[in-house]
Amino acid sequence: PPLYKQRYQFVKDLVGKYKPKKVADLGCADCTLLWMLKFYNCIEVLAGLDICASVMKEKMHRLYPLPADYLQPSERSLTVTLHHGSVAHEDPCMLGFDLVTCIELIEHLEESELEKFPEVVFGFMAPTMVVISTPNSEFNPLLPGVTVFRHQDHKFEWDRAQFQSWALDAAKRYGYSVEFTGVGNPPTGMEDVGFCTQIAVFVKKYPQTMFCMFLHVVKVFRAVYPSLKDE
Ligand code: SAM
């Protein structure tokens, strides 16, 4: 299957395995992943966030309830919300999620946005699990026609060492463990380059100390009442 489908399948497998109730997809684009996740009965809340409102609206209709949902209402309730905004901004709407997915998002972030990203996702949203995928630049020589980056909107593409050191640093700072994997197998004999898409799966460490919990409450409070920040 094409690479993007393998990435979505990776997230679907995680959802099937860990059964999160509340899932947020950051950089959700045309909401394809959200639409796929809608069919998992464990999920009660789905949220999408993207900086581009028009791309979110393109196929948004797929998230509406189906006629069958009205004819045969099920026990399970599902709330889907879409938010127009940036991952560089602490939005109280994005609190309380079990799983946060960031599929092919970070390489689109400006330096200043990427700097804020770990604090927003791990520090503020602080979900149980975070999945981040990004291109593995070591695979690029195997892709026909790729000279600098795979896409003109990419601000960077990291090799495995770069991605892993960034991810390990964020994990350490915010109390997560992290494991690395990927999708898109290299051809036989070229295994050294690694996966085409590299993926990090972060899991929040427990038990959290009282001090960490206290700091998180302060963070949330300050985001909900920004006017109190400077007082
Ligand atoms: N996650 C989707 C997928 O895997 O099919 C789409 C990934 S697309 C390559 C990157 C998306 O990130 C775009 O829809 C873009 O608008 C969005 N994006 C870029 N910067 C963002 C930011 N600061 N905050 C939220 N979304 C952003």
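Residues numbered from 1 in each chain as written. Predicted model: local features only at pLDDT ≥ 70, side-chain atom pairs only at ≥ 80, totals over all residues. Heavy atoms only, no water.

## Description of a nonpolar patch on the surface
Spelled out, the test is: Patches here: salt-bridge-free residues with over 30% relative accessible area, like charges joined within 9 Å, nonpolar side chains (Val, Leu, Ile, Met, Phe, Trp, Tyr) joined within 5 Å. The accessible surface values rely on the Shrake-Rupley method and a 1.4 Å probe; as for residues, cover is taken only from the protein chains in view. By salt bridge we mean one thing: a side-chain nitrogen of Lys or Arg within 4 Å of a carboxyl oxygen of Asp or Glu. Secondary structure is summarised from DSSP: a helix means a run of H or I of at least four residues, a strand means a run of E of at least two, and numbering begins at the N terminus for each.
Together, Phe211, Phe214, Leu215 and Val218 make up a nonpolar patch on the protein surface, roughly 390 Å² of accessible area in all. Tracing the chain through its elements places Val218 in helix α7 (residues 210–224).

## Thoughts on unusual backbone geometry
Most peptide bonds are trans, and most residues other than glycine sit at a negative phi. Non-glycine residue Ala29 carries a positive phi angle of around 50 degrees. Its location among the elements puts Ala29 in the loop between β1 (22–26) and α2 (32–37). Notably, Ala126 is not glycine yet its phi reads approximately 45 degrees, a positive angle. Among the secondary structure elements, Ala126 is positioned in the loop between α5 (111–125) and β5 (129–135).

## Quick look at helix α1 (residues 3–18)
Operational definition: One less than the residue count of a helix, multiplied by 1.5 Å, gives the span that helix is expected to have. When a residue's accessible area, from a 1.4 Å probe over protein chains only, is under 20% of the maximum for its type it is buried; when over 50% it is exposed; and in between it is partly exposed. Only heavy atoms matter for contacts: two residues are in contact if any of them lie within 4.5 Å across the pair.
Here α1 is 16 residues long and its end C-alpha atoms lie 23 Å apart, about the 22 Å a rise of 1.5 Å per residue gives. If you check which residues of α1 are buried, you get Arg7, Tyr8, Phe10, Val11, Lys12, Leu14 and Val15. Tucked into the core, α1 has its buried residues touching α2, β4 (99–103), β5, β6 (176–183) and β7 (197–204). Residue Lys19 follows α1 closely and has a positive phi angle near 50 degrees.

## Side note on the site of the ligand
For clarity, the threshold we go by: A cutoff of 4 Å decides nearness: a residue is near a molecule or strand if any of its heavy atoms lies inside that distance of it. Whenever a nitrogen or oxygen atom comes within 3.5 Å of another N or O atom, the pair is scored as a polar contact, on the condition that within protein one atom can donate a hydrogen and the other can accept it, and that pairs from neighbouring residues in sequence are kept only if both atoms are in side chains. Under this grouping Gly is polar, as are all residues other than the nonpolar Ala, Val, Leu, Ile, Met, Phe, Trp, Tyr, Cys and Pro and the charged Asp, Glu, Lys and Arg.
Surrounding the ligand, one finds 15 residues, the nearest of these being Tyr8, Gly27, Asp50, Ser86 and Ile103. Taking Gly27, its main chain carries an N or O atom lying 2.8 Å from a nitrogen atom of the ligand. For the ligand, an oxygen atom lies 2.6 Å from a polar atom in the side chain of Asp50. Contact with the protein chains removes 83% of the 610 Å² of surface that the ligand exposes when unbound. Of the residues belonging to the shell around the ligand, the class tally is eight nonpolar, four polar and three charged.

## Digging into the packing of α5 against helix α6 (residues 160–174)
Put simply, the test is: All axes are obtained by fitting lines to C-alpha atoms, using only the stretch in contact for helices, and the reported angles, taken between N-to-C directions, cover 0 to 180 degrees. For this classification, under 35 degrees means roughly parallel, over 145 means roughly antiparallel, 65 to 115 means roughly perpendicular, and everything else is oblique. Left-handed describes a crossing whose near helix is turned anticlockwise from the far helix by less than a right angle; the clockwise case is right-handed.
Contact geometry of α5 with α6 gives a least axis separation of 10 Å together with a crossing angle of 45 degrees. As summarised for this structure, α5 and α6 are arranged oblique, according to the angle between their axes. Where α5 crosses over α6, the handedness of that crossing is right-handed. Within the contact between the two elements, α5 uses Leu114, Phe117, Pro118, Glu119, Phe122 and Gly123 and α6 uses Trp166, Ala170 and Tyr174. Per-class residue counts for the contact of α5 with α6 are seven nonpolar, one polar and one charged.

## A closer look at the nonpolar core
The condition is simple: To qualify as a nonpolar core, a set must consist of buried Ala, Val, Leu, Ile, Met, Phe, Trp, Tyr and Cys residues joined through side-chain atoms within 4.5 Å.
Grouped together as the largest cluster of nonpolar side chains are 35 residues, with contacts concentrated most on Leu26, Ile106, Phe117, Phe122, Ile132, Trp166 and Phe202. Contacts of Ile132, omitting those with residues within four sequence positions, involve Cys102, Ile106, Phe117, Phe122, Phe163, Trp166, Gln198, Ile199, Ala200 and Phe202. Among the nonpolar cores identified, the runner-up in size contains 24 residues, and Leu33, Leu37, Ile43 and Leu63 belong to it.

## A word on the sheet that holds β7
Condition: A pair of strands is labelled paired if DSSP reports no fewer than 2 bridges between them.
The seven strands lie next to each other as β3-β2-β1-β4-β5-β7-β6, forming an open sheet whose pairing is mixed. If you trace the sheet from one side to the other, it starts and ends with β3 (79–84) and β6, each paired once. The mean angle between the axes of side-by-side strands here comes to 15 degrees, regardless of whether they run parallel or antiparallel. Lying on the sheet, α6 is in contact with β5, β6 and β7; it crosses β6 at an angle near 155 degrees.

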